[in-house]
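Working through the structure, step by step
Here is how the chains run, residue by residue.
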Amino acid sequence: MRLQSIETFSTENVSITRVKTDTGHEGWGQISTYNSDISALVMHRQVAQWALGQDVNDRADLEALSDRVTEKEFKFPGSYVRRALGGLDTALWDLHGKLAGKSVCELLGGISRPFPVYASSMKRSEITIKDEVERLVRLRDEFGYTAFKFRIASEVGHNVDEWPGRTEEIVPAMRSAMGDDITLMVDANLGYTPEKAIEVGRWLNDHGIAHFEEPCPYWDFEQGAQVTAALKDLPIQVAGGEQDCNLSNWRRIAAIPAFDILQPDILYVGGLTRALRVANMAKAAGLPCTPHSANWGLVTIFSLHMLGAIENAGPYVEFSIEEEDYYPWQYDIYDQLPVAKDGKVQIPEGPGWGITVRPEWLEKATYQISEF
Ligand SMILES: [Mg+2]
């Protein structure tokens, strides 16, 4: 069975993919969100030529295909080629699930079942602390979430907070509103120097924060490693890795280690095949893997299937709580938009990813095809 065609249906924020084989089978996937129309161009210009006509019979073929694209495009080791590759790879996993009559989770040896999620906030400047605390408490009561992640520091903030005192106020306010039984996590989005992150990390630990994400600029692995090592004897766990798409970087991240929890984004890293390699690197280093999945595009569906199957899965799938005001583009792409119940989201039963892309959405998107 060979890859016959790759189609993309693109908007600025989402690009849906479809692959077809010479045997008449097909699968659906997605290129990573944001500048997805540019990634789709990269798909047809730089990925399709190395993928079309290749064997896609089994996982070994998918591994070989990922490597072939990466090696042939060795002069372009960055994000866009990986984002495009993610759209190809995820469509091929859907195809294989459908061929086997199984969900991708089952194909990987897992069981489609309700999986615990943590409610993930994206907001800082857009909301007051009072409103953010009230919002998360309301969601706890409505959907039964037992874990939340909210934001501290400011994005690539060089130790300057979003506004003075915000971090010092929101952490105790959230803890006191939620009580001690709720798991709280924070994301600093690269806000600190290592020295400051260590100081903040100890203070966060005193407030029972379980997970301290992206404390420092991610491109300098030693900064994350310094924070992780300094907080090693405390219960708080340092998390990160969502931005990295180069597997050699991932090998180094797992080895030093730069974090206690590795968080590849299935679509930034180049698809499920490559995300599973990262999960295996984490496993070899004795670390859990919790993919980054921050919106209701298909990345959350892909992450549910993956975490339902891997041995070193973290306890929760990241689950967005942002709605129309923040991510207007995430609606109406596919049926079966995931909903949390009792703090869990059902891993779709399949076959494949277990979702149906809506024809109305596809009709409005820009269409491109590359054929063998
Ligand atoms: Mg993050």
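Residues numbered from 1 in each chain as written. Predicted model: local features only at pLDDT ≥ 70, side-chain atom pairs only at ≥ 80, totals over all residues. Heavy atoms only, no water.

The subject of this paragraph is empty space enclosed by the protein. In this structure the tally under the stated criterion is one cavity of 30 Å³ or more. Counted as a void, the largest cavity has a volume near 50 Å³. What lines the largest cavity is simply Pro 215, Cys 216, Pro 217, Tyr 218, Asp 220, Phe 221, Gly 224, Ala 258 and Phe 259. Taken together, the residues that form the lining of the largest cavity break down as seven nonpolar, one polar and one charged. (1 Å grid on protein atoms, 1.4 Å probe; cavity = no way out; pocket = protein on both sides within 12 Å on 5 of 7 lines; lining within 4 Å. Points joined across faces, edges and corners; volume = space filled by probe spheres on them. Nonpolar A, V, L, I, M, F, W, Y, C, P; charged D, E, K, R; others polar.)

We now examine the domain arrangement of the protein. Assigned domains of the protein: these are domain 1 (3–101 + 355–371) and domain 2 (106–346). The straight-line distance from the C-alpha centre of domain 1 to that of domain 2 is 27 Å. Listed per partner, the contact involves 33 residues of domain 1 and 28 residues of domain 2. Here domain 1 meets domain 2 over a buried area of about 2700 Å², counting both sides, of which 59% is carbon and sulfur. A salt bridge links Arg 358 to Asp 335, with the nearest nitrogen and oxygen atoms 2.6 Å apart. When residues of the side of domain 1 that touches domain 2 are assigned to their parent elements, the largest contribution, 11 residues, is made by helix α3 (residues 79–100). Considering only residue class, the side of domain 1 that touches domain 2 consists of 12 nonpolar, 14 polar and seven charged. (Domains from an automatic or database assignment. Contact = heavy atoms within 4.5 Å. Buried area = accessible area lost by both parts, 1.4 Å probe. Salt bridge = Lys/Arg side-chain N within 4 Å of Asp/Glu carboxyl O. Helix = DSSP H or I, 4+ residues; strand = E, 2+ residues; numbered from the N terminus.)

Okay, the layout of surface pockets next. If you add up the space inside the largest pocket, you get close to 470 Å³. In this structure, the largest pocket is lined by 31 residues; those nearest its centre are Arg 151, Glu 242, Gln 243, Tyr 268 and His 292. A class-by-class count of the residues in the lining of the largest pocket yields 12 nonpolar, nine polar and 10 charged. The two domains that each donate at least three residues to the lining of the largest pocket are domain 1 (3–101 + 355–371) and domain 2 (106–346).

Okay, the packing of helix α1 (residues 36–51) against α3 next. What describes two packed helices is the angle between their axes and the distance between those same axes. Between α1 and α3, the least distance of the axes is 8 Å, while the angle of their chain directions is 70 degrees. When the interaxial angle is binned, α1 and α3 end up roughly perpendicular. Packed against α1, whose contacting residues are Ile 38, Ser 39, Val 42, Met 43, Gln 46, Val 47 and Ala 51, the element α3 presents Tyr 80, Val 81, Arg 83, Ala 84, Leu 85, Gly 87 and Leu 88 at the interface. Looking at side-chain class alone, the contact of α1 with α3 contains 10 nonpolar, three polar and one charged residues. (Axes fitted to C-alpha atoms, helices over the stretch in contact; angles between N-to-C directions. Parallel < 35°, antiparallel > 145°, perpendicular 65-115°, else oblique.)

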